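Residue-level listing of the chains:
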Amino acid sequence: MVEAPLKKRSSALDDWCKCLLKTLDAPAGRLAQSQAVGRERLGLMPAPHRHQEDWRFCDLASLVEIEPRQIDALPQPQAPLENSDVTRLVLGVDQGPQAEDSLPPGVSFLNEVDLQQLLGQTLKLTNAEEHWPVALNQALVSQVIGLRVSGVVDRPVELVFDAGADEGVMAARLLLVLEEKASIELLQVHMSSGSNLNSVVIEAQLKRGAHLHHGLLAFGHTQAALLSHLAVEQEPASKVTLVSASHRWGVMRHEPQLTQLEGGAESELRALQLVQGDQLADTHSLVCFKGTEGSLDQLHKAVADGNGRSVFNGMVDVPREAQRTKAAQLSRSLLLSDKARIDTKPELEIVADDVKCTHGATVSRLQQEELFYLQSRGVGPAQASQLLLRAFCDDVLSSLPSAAKDWQPVERLLDEA
Amino acid sequence: MIRSEAPVLIDIRDLHARVEDQLILSGVNLTIRAGEIHALMGRNGSGKSTLSKVLAGHPAYQVTKGSVRYMGEDLLALDPEQRARIGVFLGFQYPVEIPGVSNLEFLRVSTNARRLQQGHEELDTFAFEDLVRERLGIVQMDPAFLERSVNEGFSGGEKKRNEILQMALLEPVVAILDETDSGLDIDALRIVASGVNQLANADNTTLLITHYQRLLDLIKPDYVHVMDAGRIVRSGGKDLALELEQHGYEWLDRDVANQELA
């Protein structure tokens, strides 16, 4: 993804970015070189602006309200009690690598050589290193959590990041390598309770026959922002299920980008984003098929209340070499107030002629007949709306990795907790 | 069961109602006492379903004139959920499918709303499961339906049985069943009718909206009313339904016209 070249212009966000870069210590540690490259890129790159098509509905101007400094260490997270069936890794920015024995059998940390070789490889497939949120992450991040998965891992893993109420920018980066026929369930939880920017970049490489079930639970704060970029590459016969659910971020931009290297793989995307107040949530997804017989099943759901704004842009790229691709994309949005706004855009670029691709988008209010039916059975309007809202969210939330249930996603996302 | 001394449960006077700009009810009068079973017949579009929806409080219908008293209380002043909680039940002609809402959860929430109103304790999930399993017998329903979403993917007959199951759980005082017999095969019709008969007692009442005598063979009405153009134009005993079945509505039109001339 290449940013459109812009006339030399300096926005408040560019100035904020310069301030942030000035506050950083000199590049150091394992990622010194990568940091230096990222900083140089970021210094030259104009910050996203609504004149760019890709950012048309996603205004990052409010990021300048956040203090331009890096958050060094994360506080203890506000997390549910640890479940004995799940391996939890709690991550602070400057923490050293976790002890190897904290990982379940089948999962190990990537060694230095592999990290240097593999880091950034998946991002390059979609030119994402030139993408502002990724460059920002690269400029800041000093630790990568690199995990290698071999064989079937029975024990789900959860990674917990809580920026808490700290002011500044938190950057996290993750690299996953799933060996042939490896399989894992991984839940990533991001939380914030103050004025901070959470920058997340995840790369995942799935070898032949591998299976990744990844969940991203993002519980935000009205003064916080989340920029997450999730790049996945799939060899044939692999399967990835990405499920994300977010709410309450002042600004949230989520960018899952999947590349089926030779087609023949299975990709499933499920997302739910909820906005109210003046919040903005934007999902820009990209799925590229580079060979035959790949499949995609994508469902994006949004609930917009108050003055909230929800954006979905779902790009699916089916070039000539991707014959017999099967792709289904559906965007369903609920508009709960007169002032909320939904922008949804399925974008299928299909050149191959022997494919089965469908897409659809619906925007609706809660169904009056359903509400009346519930009311006619004694259920008050507030509870009836809540039941219908839960039902709307359920098919995304029920596909989260099993570890998610301890986090009570339904109650938290619908403010019932 | 007709008892002239039985308390009046519902008393409809000169009821006029419109949906959007169309007047659909133009002066309905009907008094129903405890223990009685009433059947309401009439052509499509005569206002039967509208009457049932107005009584249940559907927001699309606007009452422009008249009154409805439910056990002496002004029913029209209440919200739909309040009407349900105090004992008014509408069995829908087309029960609504609600994907994602579990039927069991829905039944429990609504049963508890009614119980609270009656001064009973709410039932927890275990106590409720016991109750619902017992009531399932009334409509011979498979417990598997409890695990599914409300009415989603149910056949026509299953939906109607689910309505009667709700009636069995809510134990309404006034049950209005809007074409509960439509879309039912013979066996399902028998089961539904038997459910309604089991639930009828001296303290409640049922208003059956139907087109067909076959339902009235199974649920014997004390009164039969015929609606036309938004009013009840004829009331009688169960023989009226038989006459209609034999002669059709045109017979009634002529009869009513003759009466008006006289």
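As the structure is a computational prediction, the values presented were derived from the model and not from experiment. (Residues numbered from 1 in each chain as written. Chains lettered and ligands numbered in written order. Predicted model: local features only at pLDDT ≥ 70, side-chain atom pairs only at ≥ 80, totals over all residues. Heavy atoms only, no water.)

As for the overall build of chain A
Where we set the bar: Put simply, DSSP H or I for four residues or longer makes a helix, DSSP E for two residues or longer makes a strand, and each gets a number counted from the N terminus. In this setup the radius of gyration rests on C-alpha atoms only. A globule is expected at 2.2 Å times the number of residues raised to 0.38. Only protein chains enter the area calculation, which uses a 1.4 Å probe; residues under 20% of their type maximum are buried, those over 50% are exposed, and those in between are partly exposed.
In terms of helices and strands, chain A carries 8 helices and 18 strands. Relative to the 2.2 N^0.38 estimate, which gives 22 Å for 417 residues, the radius of gyration of chain A is 21 Å and therefore close to what a compact globule would have. For chain A, the C-alpha atoms occupy an extent of roughly 65 × 50 × 45 Å along the three principal directions. Burial statistics for chain A: of 417 residues in total, 58% are counted as buried.

Concerning the interface of chain A and chain B
Our working definition: Any two residues having at least one pair of non-hydrogen atoms within 4.5 Å are treated as being in contact. Using a 1.4 Å probe, buried area is obtained as the accessible area two parts lose upon being combined, added over both of them. Each salt bridge in this description consists of a side-chain nitrogen of Lys or Arg and a carboxyl oxygen of Asp or Glu lying within 4 Å of one another. Between N or O atoms, a polar contact is any pair within 3.5 Å; within protein, one atom must be a potential hydrogen donor and the other a potential acceptor, and residues adjacent in sequence are included only when both atoms are from side chains. Note on residue categories: nonpolar means Ala, Val, Leu, Ile, Met, Phe, Trp, Tyr, Cys or Pro, charged means Asp, Glu, Lys or Arg, and polar means any other residue, Gly included.
Between chain A and chain B, the residue contacts involve 16 residues of the former and 29 residues of the latter. At the boundary of chain A with chain B, total buried surface from both sides reaches about 1,900 Å², with 69% on carbon and sulfur atoms. Put simply, chain A and chain B have 1 salt bridge between them. The salt bridge involving Arg377 of chain A is made with Glu163 of chain B; its shortest N-O contact spans 2.7 Å. At the boundary of chain A with chain B, the tally comes to 9 residue pairs in polar contact (both at pLDDT 80 or more). Mapped onto the side of chain A that touches chain B, the elements with two or more residues apiece are helix H6 (368–375) and helix H7 (381–397) of chain A. Classifying every residue of the side of chain A that touches chain B gives 8 nonpolar, 5 polar and 3 charged.

Quick word on empty space enclosed by the protein
All names here are of chain A. Convention followed: In this analysis, the protein atoms alone were mapped onto a 1 Å grid. Cavities are point sets where a 1.4 Å probe fits without being able to get out; pockets are open sets with protein on both sides within 12 Å along at least five of seven lines; lining residues have an atom within 4 Å of a point. Grid points are joined across faces, edges and corners, and a volume is the space filled by probe spheres set on the points.
Considering all chains together, one arrives at 4 cavities of 30 Å³ or more under this definition. Of the voids in this model, the largest cavity is the one considered here, and its volume is about 90 Å³. As for the largest cavity, its lining consists of 15 residues, of which Ser244, Pro256, Leu269, Arg270 and Ala271 are closest to the centre. Taken together, the elements giving at least two residues each to the lining of the largest cavity come down to strand E8 (211–219), strand E10 (239–247), strand E11 (251–260), strand E12 (266–275) and strand E14 (295–304).

Digging into the sheet that holds strand E6 (residues 183–191) of chain A
Residue and element names in this part refer to chain A. Spelled out, the test is: A pair of strands counts as paired when DSSP detects no fewer than two bridges linking them. Working convention: axes come from line fits to C-alpha atoms, limited for helices to the stretch in contact. Angles between N-to-C directions cover 0 to 180 degrees.
Spatial strand order, E1-E4-E6-E8-E10-E12-E14-E16-E18: 9 strands in an open sheet with parallel pairing. Only two strands of the sheet have a single neighbouring strand rather than two, namely strand E1 (87–90) and strand E18 (356–364). Sheet twist, expressed as the mean angle between neighbouring strand axes with direction ignored, is 10°. Here 9 bridges tie E6 to E8, and the two strands are oriented parallel to one another. Within E8, the position partnered with Met191 by the bridge is Phe219. Contacting E10, E12, E14 and strand E16 (326–335), H7 crosses the sheet at an angle of about 150° to E14.

With respect to the pattern of salt bridges
Inspection of every chain in the model, using the stated rule, returns 36 salt bridges over all chains. Between Asp343 of chain A and Arg309 of chain A there is a salt bridge; the shortest N-O distance is 3.0 Å. One end of the pair, Asp343 of chain A, is in strand E17 (residues 341–350); the other, Arg309 of chain A, is in strand E15 (residues 309–318), and 34 residues separate them in sequence. Given a relative accessible area of 12%, Asp343 of chain A falls into the buried group. Here Arg43 of chain B and Asp228 of chain B are joined by a salt bridge, their closest N and O atoms 3.8 Å apart. Of this pair, Arg43 of chain B sits in the loop between strand E3 (37–42) and helix H1 (48–56) while Asp228 of chain B sits in strand E11 (residues 223–228); the two residues are 185 residues apart in sequence, bridging distant segments of the chain. Each of the salt bridges in this network shares a partner with another, and the network as a whole consists of Lys239, Glu266, Glu268, Arg270 and Asp297 of chain A.

Topic: H7 of chain A
Just so we agree on the cut-off: Take the residue count of a helix, subtract one, and multiply by 1.5 Å to get its expected span.
Over its 17 residues, H7 of chain A runs 23 Å from end to end, which matches the ideal 24 Å to within 8%, given 1.5 Å per residue. For H7 of chain A, the full list of buried residues reads Ala384, Leu387, Leu388, Leu389, Ala391, Phe392, Cys393, Val396 and Leu397 of chain A.

Considerations on the sheet that holds strand E10 (residues 205–209) of chain B
Residues and elements named next belong to chain B. Spatial ordering of the open sheet is given by E6-E9-E10-E3-E11-E12, a layout of 6 strands whose pairing is mixed. Only two strands of the sheet have a single partner each, and these edge strands are strand E6 (88–91) and strand E12 (231–236). Neighbour to neighbour, the strand axes of the sheet diverge by 20° on average, direction disregarded. Summarising the sheet, E3 and E10 pair through 4 bridges and their orientation is parallel. Bridge assignment links His38 to a residue of E10, and that residue is Leu207. Contacts from helix H8 (residues 238–261) reach E3, E11 and E12 within the one sheet, and its direction differs from that of E12 by about 125°.

Some remarks on the packing of helix H2 (residues 32–44) of chain A against helix H5 (residues 132–140) of chain A
Axis angle and axis distance: for two packed helices, these are the angle between their axes and the distance between the axes, and together they describe the pair. Residues and elements named next belong to chain A. Condition: Roughly parallel refers to an angle under 35 degrees, roughly antiparallel to one over 145, roughly perpendicular to one between 65 and 115, and oblique to any angle outside these ranges. A clockwise turn of the near helix away from the far one marks a right-handed crossing, whereas an anticlockwise turn of less than a right angle marks a left-handed crossing.
At a minimum axis distance of 7 Å, the contact between H2 and H5 shows a crossing angle of 135°. The orientation of H2 relative to H5 falls into the category oblique. In this structure, H2 crosses over H5, and the sense of that crossing is left-handed. Side by side, H2 and H5 meet where Ser34, Gln35, Val37, Gly38, Arg39, Arg41 and Leu42 of the first sit next to Trp132, Ala135, Leu136, Gln138, Ala139 and Leu140 of the second.

Observations concerning unusual backbone geometry
Its identity as a non-glycine residue notwithstanding, Ala237 of chain A has a phi of 65°, on the positive side. Along the chain, the position of Ala237 of chain A falls in the loop between strand E9 (225–234) and E10. Phi at Met71 of chain B takes a positive value of approximately 45°, unusual for a residue other than glycine. Overall, the relative accessible area of 48% leaves Met71 of chain B in the partly exposed class.

Considering the confidence of the model for chain A
Quick note on the threshold: Scored between 0 and 100, pLDDT is the confidence that the predictor attaches to each residue.
Across chain A, the average pLDDT comes to 92, with 95% of residues at or above 70. Below pLDDT 50 for its whole length, residues 4–8 of chain A participates in 4 contacts with residues either more than four positions away or in separate chains.

Some details on the state of the cysteines
All names here are of chain A. Note the following rule: Cysteine sulfur atoms are paired as a disulfide whenever they fall within 2.5 Å.
Using the criterion set out here, one finds 0 disulfides over all chains in the structure. The structure places no disulfide on Cys17, whose sulfur is separated from the nearest cysteine sulfur, that of Cys19, by 9.4 Å. Cys17 supplies the cysteine sulfur nearest to Cys58, a cysteine that is in no disulfide, at a spacing of 15 Å.

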